[in-house]
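# Understanding the architecture of this molecule
Each chain, letter by letter, is given below.
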Amino acid sequence: MGPEGIAEAPAGESTRDGIFVCGSAVGPQIIPDCVAQASAVAARAQLFLTGHRVEKHEEPVELLDVTGKPRIGILVCHCGINIAGVLDIDDLVQYATALPDVVAAAGSTFACSTTGQDELVELIREHNLNRLVIAACTPRTHEPIFRETCTHIGFNPYLIEMVNIRDQCSWVHTGQPVEAQEKARTLIRMGVARARQLEPLFEGEVPMMHSALVIGGGIAGIQAATDLAVQGFPVTLVEKEGQLGGRLAKPHLKYLYPNMRPATEVLEAKLKLLEESGARVLLNTDVESITGYVGNFEANLTGETEELLQVGAIILAVGADLYDPEEEYGYSKFPNVITSQELETMLVEDDKNVEIAGSRPRSASFVLCVGSRDPEHFPGCSRYCCPTAIKQAILLRRMGMDITIFYRDIRTISTGAEEMYREARGLGVLFIRIPEGDKVQVSGTDHAESVRCFDDLLGRHLEVPTDLVVLSVGMQPKQPETSKFHDILKVSVGLDGFFMELHPELGPVETPVEGVLLAGTAQGPKDIVDTVAQASAAAAKASIFLAHDTVSLNPAVSEVIEEKCRGCGTCAEICEFHAPALVEIEPGTFVARINASLCKGCGTCTSWCPSGAIVSKHFTDRQVHAMIDALFTTETSK
Amino acid sequence: MKTTSTPEIAEIADKARAWACYDCGKCTATCPIARVGGALSPRRQVLAANLGHREDIITNNALFACLTCGLCSSRCPAGVVYCELVLNLRQLAFHDGVEPECPHGGALQSMMRMMAKGKTKQDRLSWLTKDLKVQHKKGDVFYWTGCTMYYDAFFPDFNITTLDATRAAIRVLNRLGVTPVVSPDERCCGHDLLWNGDRANFELLARHNVKLVESSGAKTLVISCAECLRTWNIDYQPFFETSPPKIMHITEFMQENLDNLKFKANKEHTVTYQDPCRLGRHLGIFDPPRAILEALPDITLAEMPRSGKNSICCAGGTWSNCDRYAKHIQVDRLREAKSTGAEFLVTSCPKCQIHFACAMKDPNLHEEIEIPMRDIATLVADALAD
Amino acid sequence: MTPTKTKRKAKSGSTKWNPNIVVFACNWCSYAGADTAGVSRIQHEPHFRMIRVMCSGRIQPGFVLKAFERGADGVLVSGCHIGDCHYIFGNERALEQFEKTKNMVRLLGLEEGRLRLEWISAAEGARFAEVINDFTAQVRKLGPSPLNTGNGER
């Protein structure tokens, strides 16, 4: 354990082989970081288990016959008092019994519990059901549980309809039980109507290529490629520059905070591991285009190496750009106004002595949040710059300079950074807070002479004479790479311009495009520790795909009824994922076909198809219309 | 196979003279759908109706695949009224809960049913421009607009404005000294619902519309849309309580008044003419549009090889059958139109324009099949001497 | 069958007219937002019924028109915020469809206030509740839809 009593485990590895630490046990952190780190740790743990990769384990089950007239069973969940405390479950069960095609209805204390699942299986078997309606909580969290149970007994999982009477009823209409009861009844009626129209769907399979492509040879790419290659997956790491290491490589970075380990040392260690891992490294090589889908991507490589590379998964580790201050703070005007990156390069050359235009500055001012927390450029926090500025300030302070740091808020969330902050203060580094919405002014004639800032506490302007101004620049989406891969892979980009993860907590390294994962600052600003953890997480997630021999395809996608298709191409035109394409089936006659592996099942094409030729499976017109009809048909009839 | 005939089917078959079929197969040989490979055999349908096997007839996809273009009946030596058969069988199917899978997600059917319910005050006439003289309640001539304002709202990306024809018709009427009644209370004629099998909603619309026109005191009802015209002329007849007004297509009205229309010289145009099925084969109106085209200065009509009685349908009526085969028929028809060397394809039904415009959106064929379209009324209105 | 009245009578139920509102929601944002309202127990008006689809891009004019045809007093179309769509641009397509639907609804003579489009994220439970309350109040003010014949007849 470290001095704070928290496990000391950079990137999850503890001091004992085979024991890993993750989450808040390493240090306080938010859920997305916890999840990314947990995945990273899992990847590391896998390295000890090479040869025991994830295997798909399934016992064949006999499929139940679900054909014929709908025989619907309904389970109404009490969810303890969560639902039963507001709604009258007996009334709902009784009400459901009278609905068309319903042959069985029962209450369940906790439908998702083991007992509840057993009751469900019993209900299906006893009444020979071919449709199931579960009135309980939200399908977003619990549908997978019920689907799994049903799959185990051979009941097609797409014949389940969940009715949300907890999250969207009992929990939010607690004070209006009469209205809530009426709402629950209607929702059940609608659910039954939809269930009558459900169709069994079957997951398709396509073979999985077991290799991976890592794009970008910075620390994130190196880490991800190493982790995957060590597990035995063929990995190609593509870097468009002539050397690996990105910002860690010379001449960009001298020391890593908080331990002041030389960047070169860390990079060398990482590169050694990469080499040992057997990953193939292609320098001066770019990715021109990518087609395909999870398990079967095809990347067109250009540059020093030109080839068509087939891979099963892709890790995007293209990194980030640093903000260019241009005219701001006299950056383009004064030779002694430099960026934190430029200072770092100077430190790489000589970390005992800093010279600007031949003279040694005796004082230095740091301006934080340049290009970050700025609605005009990047409204978010770049995360790395506070600790970096403090690290640099300590180094300059040790050279004997007077240091002032102009900051908005000091954010030292990474392990050891707060301690470093305290150390800087102890060394006499002066911290001055820039008021909200304000900016510091750098003034001088031919070089910067002072930094001026209003101090909220003192209620007056402060003017700090200075020989050197260091602008702590934030991160920016890497261009043109971000736009390019957004275009060719259809990976979403968030409002901040960085690649957007699938979900901050549920999928911090995944993207909406299956098989494409994010590592490092391509996804948003982060420091090296977080980058490494996230890269390992991306590798772990990629290995989950790659370990399979086949990719199962979501069957709830869109499908073209070719007889109805007019070949107008509207679907092909609007689909962001290039799933539909026109095929000439006889001279002059075109029909659309949808590649089920590319289709995400959003159903937008269905709503645009003029002739009704596209069916959004599991969300068909019939199913939706049945719900609307049921909503307004108050009388129940068998 | 069960052969017990339910009374309804026997009655329907009887009315349509299905019994007269002697199985020659000319219907299937001429059927435009069958010709492009669609699974529709009118002969089989007639036979099934005669056998009276309800389930077999009404759940058969072919029932809704038929364009009801009437081409088969025009060739039938036994005089089987095939459209009549389909119309009534569809009502039976609808009654049994079998409905066509509607294109556009059924949006247009919903629109029609909302009008059938009535109760709302439609914003139906906001397209009227100041230069158009109309009255809203009473008058000698009632001009039936049809639902072009809805089509233009629903198909904004088709680059056609079917309302142009509606406005043009009023402009021509005005020129003839007629200030027609154009009613904000007009509702969908119910043609499509009727042909989808939804008789109940059709009747609601029929009653309302007949009453509306009756209460206007109009002696003449002028209609632009070929489908509305067929509906008024044939399907609305039982709903009149007083003697019906004279119901005329806009081309018939214009033809009758040709002497009073003065035209200016035009840039010379060769046009070809698409006979809407409802106007042509259903109602026998082939000549008036041709007479008008003839009367327009500098307009030459280049007929398509299949025209008049032999004309081919735009393959999209009733918003219920829109598919690969319909598209095939449209593409063939547009090629045929282009082969005449015409600069414009002229028609007199907004639906023809919509369905051809949709076909022309083809990303692979558009140059081969693209031809500008005009409604005959706009052609006339534009040619009016100042 | 009418609901059992054994439970205590709702405070407002007896005097106010309660609209019948249909909400179309996408799985990833607005439906999730409604769930978030639930998790946070943010109470709101109960007079709406949700129909979930995967993406707002799936919400075609036919759905909305059908709801009005059957007698809905109000229809709320909802999805992810622009730029936040799970399927990248589905919501922008939904917007185009919505404009078309709105024009049809206007022509048909229903008040504009009966139809609304809202972007609600998965995190915005409070906003979901607010939108529902606001829309319910708005529709309540307009009164029953002329097409609401009480028995959903067709």
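Here the structure is shown first, and the text comes after it.
The following paragraphs examine the structure supplied in this document. (Residues numbered from 1 in each chain as written. Chains lettered and ligands numbered in written order. Predicted model: local features only at pLDDT ≥ 70, side-chain atom pairs only at ≥ 80, totals over all residues. Heavy atoms only, no water.)

## A few points about the interface of chain B and chain C
By a widely used convention, the size of an interface equals the accessible area lost when the partners come together. Contacts between chain B and chain C engage 25 residues on the former and 22 residues on the latter. Across the chain B-chain C interface, the total number found is one salt bridge. For Arg106 of chain C, the salt bridge is made with Asp123 of chain B, and the minimal N-O distance between the two is 2.7 Å. On the surface where chain B and chain C come into contact, there are eight residue pairs in polar contact (both at pLDDT 80 or more). Of all the secondary structure elements, the ones that give two or more residues to the side of chain B that touches chain C are α9 (107-117) and α10 (148-154) of chain B. No other element matches the eight residues that α9 of chain B contributes to the side of chain B that touches chain C. Residues belonging to the side of chain B that touches chain C are distributed by class as follows: 11 nonpolar, eight polar and six charged. (Contact = heavy atoms within 4.5 Å. Salt bridge = Lys/Arg side-chain N within 4 Å of Asp/Glu carboxyl O. Polar contact = N/O pair within 3.5 Å; in protein donor to acceptor, adjacent residues only side chain to side chain. Helix = DSSP H or I, 4+ residues; strand = E, 2+ residues; numbered from the N terminus. Nonpolar A, V, L, I, M, F, W, Y, C, P; charged D, E, K, R; others polar.)

## Digging into the interface of chain C and chain A
Of the residues lining the interface, 61 residues belong to chain C; the matching set on chain A comes to 60 residues. Two residues, Arg58 of chain C and Asp621 of chain A, come together in a salt bridge whose shortest N-O distance is 2.7 Å. Summed over the shared surface of chain C and chain A, the number is 19 residue pairs in polar contact (both at pLDDT 80 or more). Those elements giving two or more residues to the side of chain C that touches chain A turn out to be β1 (21-26), α1 (30-39), β2 (48-53), α2 (61-70) and α3 (90-107) of chain C. Ranked by residue count, the leading element in the side of chain C that touches chain A is α1 of chain C, at seven residues. In terms of residue class, the side of chain C that touches chain A is made up of 26 nonpolar, 21 polar and 14 charged.

## What to know about a negative patch on the surface
On the surface, Asp118, Glu119, Glu122 and Glu126 of chain A cluster together into a patch of negative charge. Summarising the element assignment, Glu122 of chain A is placed in helix α4 (residues 114-127). (Patch = residues over 30% accessible without salt bridge, like charges linked within 9 Å, V, L, I, M, F, W, Y side chains within 5 Å. Areas by Shrake-Rupley, 256 points an atom, 1.4 Å probe, with all protein chains shown as cover. Lys, Arg positive; Asp, Glu negative; His and termini not counted. Charge placed at Lys NZ, Arg CZ, Asp CG, Glu CD.)

## Quick notes on the pairing of strand β3 (residues 246-249) of chain B
Residue and element names in this part refer to chain B. The pairing of strand β2 (residues 220-223) with β3 spans four bridges and is parallel. Pairing of Ile223 across the sheet is with His249, part of β3. Handedness of the crossover joining β2 and β3 through helix α14 (residues 226-235): right-handed. (Pairing = 2+ DSSP bridges. Right-handed = clockwise from strand over helix to strand, strands pointing away.)

## Focus on the sheet that holds strand β4 (residues 160-164) of chain A
All names here are of chain A. Read from one edge of the open sheet, four strands run β2-β1-β3-β4, paired in parallel fashion. Unpaired on one side and paired on the other, β2 (102-108) and β4 mark the two borders of the sheet. For this sheet the average axis-to-axis angle between neighbouring strands, irrespective of direction, equals 15 degrees. Pairing analysis gives five bridges linking strand β1 (residues 72-77) to strand β3 (residues 131-136), with the strands arranged parallel. For Gly73, the partnering residue across the bridge sits in β3 and is Leu132. On top of the sheet, helix α5 (residues 139-152) reaches β3 and β4; it is set at about 150 degrees to β4, its chief contact. Where helix α7 (residues 177-197) meets the sheet, it contacts β1, β2, β3 and β4, and its direction lies at approximately 165 degrees from that of β4. (Axes fitted to C-alpha atoms, helices over the stretch in contact; angles between N-to-C directions.)

## Side note on the state of the cysteines
Summed over the entire model, instances satisfying the criterion amount to one disulfide over all chains. Linked covalently through their sulfurs, Cys29 of chain C and Cys80 of chain C form a disulfide whose S-S length is 2.3 Å. Taking the sign of the torsion about the S-S bond as the criterion, the disulfide between Cys29 of chain C and Cys80 of chain C, at about 95 degrees, is right-handed. Note that Cys29 of chain C is positioned in the loop between β1 and α1 and Cys80 of chain C in the loop between β3 (74-79) and α3, a separation of 51 residues in sequence. Since its relative accessible area comes to 5%, Cys29 of chain C is described here as buried. A relative accessible area of 4% means that Cys80 of chain C is categorised as buried. With no disulfide of its own, Cys102 of chain B has Cys322 of chain B as its nearest cysteine by sulfur position, at a separation of 11 Å. Classification of Cys102 of chain B as buried rests on a relative accessible area of 17%. Cys314 of chain B carries a free sulfur, and the closest cysteine sulfur to it, the one in Cys352 of chain B, is 4.1 Å from it. (Disulfide = S-S within 2.5 Å. Buried < 20%, exposed > 50% of the residue type's maximum accessible area, 1.4 Å probe, protein only.)

## Describing helix α17 (residues 621-632) of chain A
With 12 residues, α17 of chain A should reach 16 Å at 1.5 Å per residue; the first-to-last C-alpha distance of 17 Å fits that figure. What α17 of chain A keeps buried is the set Gln623, Val624, His625, Ala626, Met627, Ile628, Asp629, Ala630, Leu631 and Phe632 of chain A. Contacts from the buried residues of α17 of chain A go to β4 and α7 of chain A together with β1, β2 and α2 of chain C. (Expected span 1.5 Å × (residues − 1).)

## Observations regarding a nonpolar patch on the surface
All names here are of chain A. Taken together, the side chains of Val61, Leu63 and Phe202 present a nonpolar region at the surface, about 310 Å² in accessible area. Of note, Val61 is situated in the loop between α1 (31-48) and β1. Classification of Val61 by relative accessible area gives partly exposed; the value is 37%.

## Structural notes on the packing of aromatic side chains
For the structure on display, the rule yields 16 aromatic pairs over all chains. Ring geometry for Tyr407 of chain A against Phe431 of chain A: centres 6.1 Å apart, planes inclined by 75 degrees, an arrangement best described as edge-to-face. Taken together, the positions of Tyr407 of chain A in strand β18 (residues 402-407) and Phe431 of chain A in strand β19 (residues 430-433) put the pair 24 residues apart, joining distant regions of the chain. With a relative accessible area of 12%, Tyr407 of chain A lands in the buried category. An angle of 20 degrees between the planes, with centres 4.9 Å apart, marks the rings of Phe155 of chain B and Phe158 of chain B as stacked. Here Phe158 of chain B falls in the buried class, since its relative accessible area comes to 11%. Taken together, the ring pairs connect Phe142, Trp144, Phe202, Trp232, Tyr236, Phe239 and Phe240 of chain B into an aromatic cluster. Positioned over the ring face of Trp195 of chain B is Arg278 of chain B, at 4.5 Å from the centre of the ring. (Phe/Tyr/Trp six-rings, centres within 6.5 Å; stacked < 30°, edge-to-face > 60°. Lys NZ or Arg CZ within 6 Å of the ring centre and 35° of its normal.)

## Notes on helix α3 (residues 89-97) of chain A
Working note: α-helix, 3.6 residues per turn, so residues spaced by three or four point in the same direction. Residues and elements named next belong to chain A. Looking at α3, one finds that the buried residues are Ile89, Asp91, Leu92, Val93, Tyr95 and Ala96. In this fold, the buried residues of α3 make contact with β1, α2 (81-84), β2 and α7. Where α3 begins, the capping side chain belongs to Asp88, and its oxygen is found 3.2 Å from the backbone nitrogen of Asp90.

## Here we look at unusual backbone geometry
Look at the link from Lys250 of chain A to Pro251 of chain A: it is a cis peptide, with omega at 0 degrees. Relative to the helices and strands, Pro251 of chain A resides in the loop between β7 (235-238) and β8 (255-256). Here the amide bond leading from Gln479 of chain A into Pro480 of chain A is cis, since omega sits at 5 degrees, within 30 degrees of zero. Following the sequence through the fold, Pro480 of chain A ends up in the loop between β24 (475-477) and α13 (481-489). Unusually for a residue other than glycine, Thr68 of chain B sits at a positive phi of about 50 degrees. Within the fold, Thr68 of chain B resides in the loop between α6 (62-65) and α7 (71-75). Although it is not a glycine, Arg41 of chain C adopts a positive phi angle of roughly 55 degrees. Relative to the elements of secondary structure, Arg41 of chain C occurs in the loop between α1 and β2.

## A look at the sheet that holds strand β13 (residues 307-311) of chain A
The pairing of strands in a sheet comes from backbone hydrogen bonds and takes either a parallel or an antiparallel form. Residues and elements named next belong to chain A. On the basis of which strands lie adjacent, the open sheet formed by three strands has the order β11-β12-β13 and antiparallel pairing. Looking along the sheet, the strands with just one partner apiece sit at the ends: β11 (285-293) and β13. When strand polarity is set aside, the average angle formed by the axes of neighbouring strands in this sheet is 25 degrees. The sheet contact formed by β11 and strand β12 (residues 296-303) spans eight bridges and is antiparallel. Bridge pairing links Thr291 to Glu298 in β12.

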